[in-house]
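Inside the fold
Residue strings, one per chain:
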2 protein chains.
Amino acid sequence: MKNILIIGCGLIGSSVLRAISKNKIAKKVFVYEKSKTNISKIKKLKLPCTILTDFKKAVPNVDLIIICTPLSEYKGIILKLNKYLLPKTIITDVGSSKEKSHDVIKKTLKKGISWTSSHPIAGSEVSGPEYGNKDLFLNKWCILIKEKDTNKKHLSILSKFWKKIGSRVSIMNSKKHDVIFSITSHLPHLIAYNLVKTATDFEKQQRYELIKFSAGGLRDFSRIAASNEIMWRDIFFNNQKNISKVIDLFIKNLRAFKKDIQSRNEKSLIKKLIDAKKVRKKIIKLKQDINKPDFGRN
Amino acid sequence: MKNILIIGCGLIGSSVLRAISKNKIAKKVFVYEKSKTNISKIKKLKLPCTILTDFKKAVPNVDLIIICTPLSEYKGIILKLNKYLLPKTIITDVGSSKEKSHDVIKKTLKKGISWTSSHPIAGSEVSGPEYGNKDLFLNKWCILIKEKDTNKKHLSILSKFWKKIGSRVSIMNSKKHDVIFSITSHLPHLIAYNLVKTATDFEKQQRYELIKFSAGGLRDFSRIAASNEIMWRDIFFNNQKNISKVIDLFIKNLRAFKKDIQSRNEKSLIKKLIDAKKVRKKIIKLKQDINKPDFGRN
C-alpha cells in the first residue's frame, strides 16, 4: 500500500499508526484529528505521520482510510469525505457495534463507494495517542464484516492488512457481530459501570467511606468503568436491542443466584460457581488473557 | 512471639507463613492442614514450618492461632481446639464475613477464651500453598473486629502482628464490616460469577462459540469468577442479608441504565459513565490498584 489515512488518532488510531510503521505497510500515513490536544500530543510524540487539516488533496490519493472515532462521528466524517472518495478507495472503521452504524453509512456514503467494516478486539480504559501501542493488535482477534453487498476485493485486502499488523481475522455479518459482542464486551462494560455506580450510591446511603476497601473485587470493575464515555454511550445506543436482551438474561440469572443464597441451596450454588470457574481456563487456553494469578499485579 | 499456629495452609495461610518468616516474627510456626495434597506441596516447597498431625502437644504452647480455612470449617476446628486452649492464647481468623461466623464462634468456643477476628483484604483467584506470597499483605488493609466483648490486649497484639507483616489496620465492628464488604467484595464476586454464567447460557442459546471473543471485557470477570467455590459459597451464605440488599440495589440501577439506553437519554447516561470513571482515579489514589492501563497486561 502506498498511502493510508487514519481519521481519529486516539488510543486505537495511534496504535494502528504505530503498527503500520513497525510493519512497514505504507509509504505514507496521513492523520486527520479534530482534537487540538491530540494533535499537539502526536507532534510531541513524533508519531510517523503527516497531519491533515482538510481532505481535499490527500483523500483521492489514499488506498485505505481507517476511521477510528466514536460511532457518532461517522456521519459527519462521511459527509466531509464523500466528494473525494473513489470506488477503489478502501474505507473501514474500528467500531464496536455494526448493524446500526451500517444503516447510517449506507444512507450517507456516496453511491458506488464500498465500506468494509472492521472491529479489532483490542483497547484499554485509557484514551489518547500517548497510550497507543505498536503491538496492541498482536494475536488479537479482528472481526471483519461481510454482508451481501461487501466488496470482496476490499475485504481480502483488509484481511491481509490486519494480519500484517499481527491480528487473527474472523469474518461474520454485522448481525452476528452485534449479538456476540453484546455479551462478551458490551454487557461486561455496562455491568462494570453499574457496579461502580451501585457502590458509590451505597457509600452515600451508608455515610461512611468504603471505596478505600475496594481491593477485594471492586477495583477490577473500576478499571473497565473508567473507559471512554463517548465511545460507550455510542455503543450502548447503537446495540441497544441486543444489550437489552442480555441485561434481561443477566437479571434473571442474578435473581436465581439470590434465591440459591437465600434458600441455602448448596448444590445449585456450588454447581454455578464451579461451572463459572471452568470458563477462566477456557479463556486462558484460547489466549484471551494472560495466565498469571491476579493479572500478575502482585 | 514464640510460637504461632496456622490452621489451613492454602493461598492465605501459606502467605501468612511466608510473611512471618520474612519478618522474623515467631521462633516457630506450626501448620495444621487437613489436605494431603497441600501437605506434600508444603514439604516440597520447604516452607519454614512444623506440620502438626494433632493439636495436643503444640496448642498449649502457642501464642497465636490463625485460622485460614473456609468459614464452614470453623466449628469443627474450634471443637477440636477447645480443650487445649488457654485464656492467654490469641485466636484469630482471616474470614471475609464476620457477623454470622461470630455467632458460631461464640456458641462453640470454650468459656473464658477470647476470639479476635481479622480480615486481610488480600488474595487472588488461585488456591493452594504454591501460590502464597510473602508480600501478599504489604500495604493492604487488614480489618480487625472490635465488639463489646473483644479482648483489648489481644486486639492490640494482633494489630501489631498485621502491621509487622506490612498491613494497614482498620478497626470496626462485625456489622459494619459485613455491610462494607457486601458491596466492595461480595457483590463484585457474585456479579462476576453471574456474568460468566450468563455468557455461557447465552453461548448455548446462540449455538456458536463466543467465549473466544472475550478479550473485550468478559475475560476480566472470568478471573474473579475463577475464585475458590467453597470459600465463596461460605461467604455468600454467611453474609446473605447484606448481599441480598446490594443485589436489589444493583438490579434497580441496572434497570435505570437499561431505560436510559432504550430511551436514548444521553444526559443521564453520560453523567453515569463520567461519575463511574472518577471512581477509578480515587481507587488508584487510595493505592487500591496499580496505576497501569489494562493492569499492565499489554
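Heads up: these notes are all about the structure in this document. If you're wondering where the values come from, they're calculated on a predicted model, not measured in any experiment. (Residues numbered from 1 in each chain as written. Chains lettered and ligands numbered in written order. Predicted model: local features only at pLDDT ≥ 70, side-chain atom pairs only at ≥ 80, totals over all residues.)

Moving on: the overall build of chain A. If you tally the helices and strands in chain A, you get 10 helices and eight strands. Compactness check: chain A gives a C-alpha radius of gyration of 21 Å against a globular reference of 19 Å for 298 residues, within 12% of the reference. Once the C-alpha set of chain A is aligned to its principal axes, its extents read approximately 70 × 45 × 35 Å. Counting the 298 residues in chain A, one finds 52% classified as buried. Counting only contacts in chain A whose residues sit at least 6 apart along the sequence, the fraction spanning at least 24 positions is 77%. (Helix = DSSP H or I, 4+ residues; strand = E, 2+ residues; numbered from the N terminus. Rg over C-alpha atoms; globule rule 2.2 N^0.38 Å. Buried ≥ 20, exposed ≤ 12 C-beta atoms within 10 Å, placed from the backbone. Contact = placed C-beta atoms within 7 Å.)

Its rotation angle being 180 degrees, the transformation that places chain B on chain A also includes 0.0 Å of axial translation and leaves an RMSD of 0.0 Å. The transformation just described matches what one would write down for a two-fold rotation axis. Taken together, the interface assignments show that 100% of the residues at the interface of chain B recur at the interface of chain A, consistent with an identical surface on both copies. (Least-squares fit on C-alpha atoms with pLDDT ≥ 70 in both.)

One full turn of an α-helix is made of 3.6 residues, so residues set three or four places apart face in the same direction. Over its 23 residues, helix H9 (residues 240–262) of chain A runs 32 Å from end to end, which matches the ideal 33 Å to within 8%, given 1.5 Å per residue. Along H9 of chain A, the residues classified as buried are Asn242, Ile243, Val246, Ile247, Phe250, Leu254, Phe257, Asp260 and Ile261 of chain A. The inward-facing, buried residues of H9 of chain A abut helix H6 (174–206), helix H8 (229–238) and helix H10 (266–285) of chain A together with helix H6 (174–206), helix H8 (229–238) and helix H9 (240–262) of chain B. In the segment just after H9 of chain A, Arg264 of chain A is the residue with positive phi, at about 50 degrees. (Expected span 1.5 Å × (residues − 1).)

Here the focus is the packing of H6 of chain A against helix H10 (residues 266–285) of chain B. Following both chains from N to C, one finds H6 of chain A and H10 of chain B inclined at 75 degrees, their axes separated by 9 Å at the closest point. If you check the angle between H6 of chain A and H10 of chain B, you find them roughly perpendicular. For the pair H6 of chain A and H10 of chain B, contact is made by Tyr193, Val196, Lys197 and Thr200 of chain A and by Lys272, Leu273, Asp275, Ala276 and Val279 of chain B, respectively. Classifying every residue of the contact of H6 of chain A with H10 of chain B by side-chain character gives five nonpolar, one polar and three charged. (Axes fitted to C-alpha atoms, helices over the stretch in contact; angles between N-to-C directions. Parallel < 35°, antiparallel > 145°, perpendicular 65-115°, else oblique. Nonpolar A, V, L, I, M, F, W, Y, C, P; charged D, E, K, R; others polar.)

Before going further, it helps to examine the sheet that holds strand S7 (residues 141–145) of chain B. Residue and element names in this part refer to chain B. In spatial order, the strands read S6-S7-S8; together these three strands make up an open sheet with mixed pairing. Either end of the sheet is taken by a strand with one partner, and the two such strands are strand S6 (118–120) and strand S8 (168–172). Averaged over all neighbouring strand pairs, the angle between strand axes comes to 20 degrees, with direction disregarded. Relative to S7, S6 runs antiparallel, the two being bridged by three bridges. Each residue of the ladder has a partner; that of His119, found in S7, is Ile143. (Pairing = 2+ DSSP bridges.)

This part is about the interface of chain B and chain A. Residue-level contacts link 90 residues of chain B with 90 residues of chain A. Listing elements by their share of the side of chain B that touches chain A, those giving two or more residues are H6, helix H7 (218–224), H8, H9 and H10 of chain B. For the side of chain B that touches chain A, the leading source of residues is H6 of chain B, giving 22 residues. For the side of chain B that touches chain A, the class distribution of residues is 50 nonpolar, 19 polar and 21 charged.

As a further point, take the nonpolar core. Core analysis: the largest hydrophobic core is formed by 181 residues, its most contacted members being Ile6 of chain A together with Ile6 of chain B. Excluding anything up to four places from it in sequence, Ile6 of chain A contacts Gly13, Val16, Leu17, Val29, Val31, Ile66 and Cys68 of chain A. (Core = buried A, V, L, I, M, F, W, Y, C linked by C-beta atoms within 7 Å.)

Quick look at helix H3 (residues 74–81) of chain A now. Residues and elements named next belong to chain A. When H3 is considered as a whole, its buried residues turn out to be Tyr74, Ile77, Ile78 and Leu81. Buried residues of H3, viewed axially, fall in a sector of 100 degrees; they line one side. H3 presents Gly76 and Leu79 as exposed residues on the side facing more than 90 degrees away from its buried surface. Looking at the buried positions of H3, the neighbouring elements they touch are strand S1 (3–7), strand S4 (64–67), strand S5 (90–93) and helix H4 (99–108). (Arc of directions from axis to C-beta.)

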